[in-house]
Amino acid sequence: MSETAAKMHEAASAVRVHTRLQARVGIVLGTGLGALGKEVEAETRIAYSQIPHMGKTSVQSHSGELVAGRLGKTPVFVLEGRLHFYEGHSLEDIVFPVRLLKALGCDTVILSNAAGGLNPKWKLGDIMVLDDHINLPGLAGVSPLLGPNDDALGPRFPDMSAPYDPALIKKAVTAARKQKLQLRRGVYVMVTGPNLETRAEYRMLRNLGADVVGMSTVPEVIAARHLGMKVAAFSIVTDMCIPDELEEANIEKIIATANKAEPRLTRLVKALVASL
Ligand code: HPA
C-alpha cells in the first residue's frame, strides 16, 4: 500500500470508531457556508483533531468537524471546515479530506465556496454551478498531484475534459428550476490569495474567461477526479469584482453575503442530493 493510501485507511479507521454510516456522498463546506451542515441530521460529529493526518483549519468561520448524518433521507459525510493554500497548508493536506471521503466509501463529492463575481451581468448573492475551472501557474496553478504519481490512487495524467460531472450539473439545473431558483453556470478561476486582486487582475481574469474567482476548491476537485469520484461544485458570489466600479473588499460583508445566500444553496444541495 502507498503511504497516502495507508494514511487514508488509518484516518478512515479512526472515523469508523465513531460511526458505521455508509454514505456515497461527501459534502465540503466553504467559507460562510457552515450552516448547510446544520441542516444535516447529525448522527455523529468528529473533530478533525481526532482524525489522524487531518490538518488544522484556521479560518474563523470553519469549525473543523466531520459530520456523519443524513441530509433529507440521504446519508452523507459533511466536512465542515476546509484547508486553504493561502493558510500555508501543503496541497497534500488540503486534499486529504477528499481522499478520506473516498476511503469512507463516497463516490461523489459536492463542494461549495464563496467567490468574487467577474461576470458583469451577475449580481451579489448569485449561485453558480461550476461548469469548468482555470488553474494556471501564476494565478494559483496548484496541482495536488505534483511529484511521483500514486498509482494506488489514480492515473498519472487524470483527464480534466469534464471535471464537473455533466449529469450532476444537469440534476442541479433541474433541481434549481423546480425550486424557481436562479442558478448561474460558469467558470471558476482559482487564485492563491490571501490578498484580493487588483483591478487590473480582475480585468485579466475576466478576459481569460472566468465568471468567478476564489481561493479554494480546485485542488480538491483535481484530487477527487484523480480518485475517479464524481464532482459537483457551487459558488456563491459574495462580492462583485468589476474593475471599473470596484469597492474596497470587506470580509465581514463577504461572509454576510454568503450567509444570506446560504438557505438557497442549502435547498439546492438538498434537492440535488435527493435526486442522486
Ligand atoms: N477574490 C478571490 N477570492 C474571493 C473573492 C475575490 O474577490 N471573493 C471571495 N473569494
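Residues numbered from 1 in each chain as written. Predicted model: local features only at pLDDT ≥ 70, side-chain atom pairs only at ≥ 80, totals over all residues. Heavy atoms only, no water.

### Brief notes about the pattern of salt bridges
Quick note on the threshold: Here, a salt bridge means any side-chain nitrogen of Lys or Arg that lies within 4 Å of a carboxyl oxygen of Asp or Glu. Comment: elements are numbered from the N terminus, with helices defined as DSSP H or I runs of at least four residues and strands as E runs of at least two. Burial classes: relative accessible area under 20% of the type maximum marks a residue as buried, over 50% as exposed, and values in between as partly exposed (1.4 Å probe, protein chains only).
Tallying each qualifying case throughout the model produces 13 salt bridges. When the shortest N-O distance is used, the salt bridge between Glu80 and Arg45 registers 3.8 Å. Here the residue Glu80 occupies a position in strand S4 (residues 74-80), and Arg45 occupies one in strand S2 (residues 41-47), the gap between them amounting to 35 residues. A relative accessible area of 39% places Arg45 in the partly exposed class. The partner of Arg82 in a salt bridge is Glu220, with the nearest N and O atoms 2.7 Å apart. Of this pair, Arg82 sits in the loop between S4 and helix H3 (91-103) while Glu220 sits in helix H6 (residues 218-226); the two residues are 138 residues apart in sequence, bridging distant segments of the chain. Grouping residues by exposure puts Arg82 and Glu220 together as buried. Three or more residues are tied together by salt bridges with common partners; here these are Glu3, Lys7 and Glu92.

### Regarding the nonpolar core
Note the cut-off: Take the buried Ala, Val, Leu, Ile, Met, Phe, Trp, Tyr and Cys residues and link them wherever side-chain atoms come within 4.5 Å; each set so joined is a nonpolar core. Contacts are assigned to residue pairs that have any heavy atoms within 4.5 Å of one another.
Judged by nonpolar contacts, the single largest core of 80 residues is most densely connected at Ile27, Leu66, Phe77, Ile110, Phe234 and Val269. Among all residues touching Val269, those that are not within four sequence positions of it are Ile27, Leu36, Leu71, Ile110 and Phe234. In this structure, Leu118, Val189, Tyr202 and Met215 belong to the second largest nonpolar core, which totals 12 residues.

### Details of unusual backbone geometry
Residue Pro194 follows Gly193 across a cis peptide bond; omega there is -5°. For His53, which is not glycine, the phi dihedral falls at a positive 75°. Tracing the backbone shows His53 in the loop between S2 and strand S3 (65-71). You will see that Thr217, though not glycine, has its phi angle at about 70°, which is positive. Considering the arrangement of structural elements, one finds Thr217 in the loop between strand S8 (212-214) and H6.

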